[in-house]
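Chains, contacts and geometry: an overview
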Amino acid sequence: MTRPYLGNPKYTIEVLQKYGFVFQKRFGQNFLIDTHVLDRIIQASEITKDDFVLEIGPGIGTMTQYLADSAREVTAVEIDDALIPILKDTLKEWDNVNVIHGDILKTDIRKIADEKNQGRPIKVVANLPYYITTPIIMGLFESHVPVDSITVMVQKEVADRMQTGPGSKDYGALSLAVQYYAKPEIVANVPPNCFMPRPKVGSAVIRLTRHQNPPVTAKDEKLMFRIIRASFNQRRKTLANGLKNSQELNYTKEQVEAAITECGLPLNIRGEALTLEQFAKLSDIFFDMK
Ligand SMILES: C[S@@+](CC[C@H](N)C(=O)[O-])C[C@H]1O[C@@H](n2cnc3c(N)ncnc32)[C@H](O)[C@@H]1O
C-alpha cells in the first residue's frame with residue numbers, strides 16, 4: 001500500500017486536527033512541511049540501510065518517516081506527551097522505528113548506541129528545538145558518545161557561528177568547540193515558510209562530521225575550553241583582560257601576560273583573532289605554569 005507520508009501542509013493539518021494538537025512554544029515546536037527540505041536533510045546525512053539513526057524531537061513524525069525509509073533502524077526521543085499517541089499512528093506502517101518518551105538532555109544516549117548499534121558510531125539527525133541547540137550538540141560531543149555525524153536544522157545565526165573562523169563577528173566559543181570535535185558544513189538555508197507555525201528567525205541545516213582525532217591536541221582539554229570561554233566572555237576586551245578577570249581561571253596579570261607573549265602574540269590581541277591551534281598552544285603554556 002502507499003504509505004501515508006506527512007511532509008506537506010495538507011496532511012500535517014489533517015493530523016493536527018484529528019488529535020486536536022496544540023503547539024507548545026516552550027518545546028520549540030516548528031514542524032517541517034516542505035518535502036524538498038526533508039529530501040535535502042536525508043541526502044546530506046548520507047544515511048544508508050546499515051545505519052542506526054537517533055532523531056531528537058520527532059514532532060508528529062514527518063522526518064521520522066523519511067529516516068525510517070533510509071536507515072536500518074531509528075530511535076526518536078520526544079518530550080511532549082501529546083505527541084506520543086500521534087507518533088504511534090503516523091509511524092504504524094514502519095517497523096524499524098522506536099519512540100522514546102523523554103527529555104533528550106536526560107536520555108542515556110550511550111546506552112541507546114550500545115543496545116541498538118553495538119557501540120558503533122551512530123548518526124544523529126534532527127530539526128532541533130532551538131531553545132536547547134547548544135546543550136544538545138555540546139552534550140553529544142563532550143560525553144564522547146560514539147557519533148559519526150550530526151545533521152541538524154538550527155537557527156541560521158547559530159549555524160553561522162558554528163561554521164565561521166577567526167576575524168568574523170560570529171566567531172566565538174561555540175565555533176571553536178564545534179570545530180574541535182567536527183567539520184561543520186552548512187548544507188541548506190531554510191526560510192520560515194517551510195515550517196508550521198513559522199519561526200521568527202531564518203534556519204539552516206548544518207552537518208557536523210565528527211573528526212576521528214581532534215585537529216589539535218591540548219595537554220588539558222578542559223583547561224583549553226575554560227580559556228576559550230574566558231576569552232570570549234567580554235567580547236570587547238583584549239584577550240589579556242578576559243583571562244585576568246575570569247572567575248573560572250586563577251592567573252595573575254603577570255602570568256597572563258607572560259603566557260600571551262610566550263605564545264608569540266601581542267598583548268593587545270583580542271580573543272576573536274586566535275585560531276584553535278593558538279588556543280591549544282596558549283592552554284599548554286598555562287598548563288606548564290602550574
Ligand atoms: C522543531 S520541532 C521538530 C519536529 C519534527 N521533527 C519536524 O521536523 O517536523 C522540535 C521537536 O522537539 C521536541 N522537543 C523539545 N524539547 C525536547 C527535549 N528536551 N527532548 C526531546 N524532544 C524535545 C518538540 O516537542 C518538537 O517535537
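Conventions adopted
- Residues numbered from 1 in each chain as written.
- Predicted model: local features only at pLDDT ≥ 70, side-chain atom pairs only at ≥ 80, totals over all residues.
- Heavy atoms only, no water.
- Near = heavy atom within 4 Å.
- Polar contact = N/O pair within 3.5 Å; in protein donor to acceptor, adjacent residues only side chain to side chain.
- Areas by Shrake-Rupley, 256 points an atom, 1.4 Å probe, with all protein chains shown as cover.
- 1 Å grid on protein atoms, 1.4 Å probe; cavity = no way out; pocket = protein on both sides within 12 Å on 5 of 7 lines; lining within 4 Å.
- Sits in = over half its atoms within 2 Å of the grid points.
- Helix = DSSP H or I, 4+ residues; strand = E, 2+ residues; numbered from the N terminus.
- Nonpolar A, V, L, I, M, F, W, Y, C, P; charged D, E, K, R; others polar.
- UniProt positions renumbered as here; feature names shortened; annotations may be inferred.
- Contact = heavy atoms within 4.5 Å.
- Phe/Tyr/Trp six-rings, centres within 6.5 Å; stacked < 30°, edge-to-face > 60°.
- Buried < 20%, exposed > 50% of the residue type's maximum accessible area, 1.4 Å probe, protein only.
- Axes fitted to C-alpha atoms, helices over the stretch in contact; angles between N-to-C directions.
- Parallel < 35°, antiparallel > 145°, perpendicular 65-115°, else oblique.
- Left-handed = near helix turned anticlockwise from the far one by under 90°.
- Domains from an automatic or database assignment.
- Buried area = accessible area lost by both parts, 1.4 Å probe.
- Core = buried A, V, L, I, M, F, W, Y, C linked by side-chain atoms within 4.5 Å.

**Here's the deal with the site of the ligand**
With respect to spatial proximity, 23 residues lie near the ligand, and among them Leu32, Gly57, Glu78, Asn127 and Tyr131 are the closest. Proline 58 places a main-chain nitrogen or oxygen 3.4 Å from a nitrogen atom of the ligand. Its free accessible area being 600 Å², the ligand has 99% of it covered by the protein chains. Taken atom by atom, the bulk of the ligand overlaps the largest cavity. Elements represented by at least two residues in the shell around the ligand include exactly β1 (31–32) and β3 (73–78). The residue inventory of the shell around the ligand, partitioned by class, reads 12 nonpolar, seven polar and four charged.

**A look at the UniProt feature "binding site: S-adenosyl-L-methionine" (unreviewed entry) in the chain**
According to UniProt, the positions carrying the feature "binding site: S-adenosyl-L-methionine" (unreviewed entry) are Asn30, Leu32, Gly57, Glu78, Asp103 and Asn127. Residues from the named set that contribute to the lining of the largest cavity are Asn30, Leu32, Gly57, Glu78, Asp103 and Asn127. In this fold, glycine 57 is placed in the loop between β2 (52–56) and α3 (62–70). Relative to the elements of secondary structure, glutamate 78 occurs in strand β3. In this structure, glutamate 78 is in contact with Gly57, Pro58, Gly59, Leu83, Ile84, Leu87, Ile100, His101 and Gly102, ignoring residues within four places of it in sequence.

**Digging into the packing of aromatic side chains**
All told, the structure shown has 12 aromatic pairs when counted by the stated rule. Judged by centre distance (5.4 Å) and plane angle (85 degrees), the ring pair of phenylalanine 21 and phenylalanine 23 falls under edge-to-face. When its relative accessible area of 29% is taken as the criterion, phenylalanine 23 is described as partly exposed. Ring geometry for tyrosine 180 and phenylalanine 225: centres 5.3 Å apart, planes at 85 degrees, overall edge-to-face. In this pair, tyrosine 180 sits in helix α8 (residues 173–181) while phenylalanine 225 sits in helix α9 (residues 221–233), placing the two residues 45 residues apart along the sequence. Taking relative accessible area as the criterion, tyrosine 180 reaches 4% and is therefore assigned buried. A residue is classified by how much of its surface remains accessible, and phenylalanine 225, at 10% relative accessible area, is buried. The structure contains a cluster of three or more aromatic residues connected by ring pairs, namely Phe141, Tyr180, Tyr181 and Phe225.

**Remarks on the packing of helix α1 (residues 9–19) against helix α4 (residues 83–90)**
Closest axis-to-axis distance for the α1/α4 pair is 11 Å, and the angle between their directions is 130 degrees. If you check the angle between α1 and α4, you find them oblique. Where α1 crosses over α4, the handedness of that crossing is right-handed. Residue-level contacts link Val15, Lys18 and Tyr19 of α1 to Pro85, Ile86, Asp89 and Thr90 of α4. Residues of the contact of α1 with α4, tallied by class, amount to four nonpolar, one polar and two charged.

**As for the UniProt feature "domain: Ribosomal RNA adenine methylase transferase N-terminal" (unreviewed entry) in the chain**
As annotated in UniProt, the feature "domain: Ribosomal RNA adenine methylase transferase N-terminal" (unreviewed entry) corresponds to residues 37–212 in the numbering used here. Along residues 37–212 the backbone is 35% helical and 28% strand, and the end-to-end C-alpha distance reaches 29 Å.

**A look at the domain arrangement of the chain**
The assigned domain composition of the chain is domain 1 (9–210) and domain 2 (221–289). Here the C-alpha centroids of domain 1 and domain 2 sit 34 Å apart. Taken together, the contact between domain 1 and domain 2 spans 13 residues of the former and 12 residues of the latter. When the buried surface of domain 1 facing domain 2 is broken down by residue, Tyr171, Leu176 and Tyr180 rank first, second and third, together holding 52% of it. Residue composition of the side of domain 1 that touches domain 2, by class: seven nonpolar, five polar and one charged.

**Considerations on the nonpolar core**
Within the largest apolar cluster, 64 residues are counted, with the highest numbers of intra-cluster contacts made by Leu208, Leu243, Leu282 and Phe286. Among the elements that make up this core, the one with the highest residue count is α9 (seven residues). Formed jointly, this core draws a minimum of three residues from each of two domains, domain 1 (9–210) and domain 2 (221–289). Once you skip the residues sitting within four places of it in the chain, leucine 208 turns out to touch Ile137, Phe141, Asp148, Ser149, Ile150, Met162, Val178, Ala182, Lys183 and Pro184. Listed in part, the 37 residues of the second largest apolar core include Leu16, Leu87, Leu91 and Tyr130.

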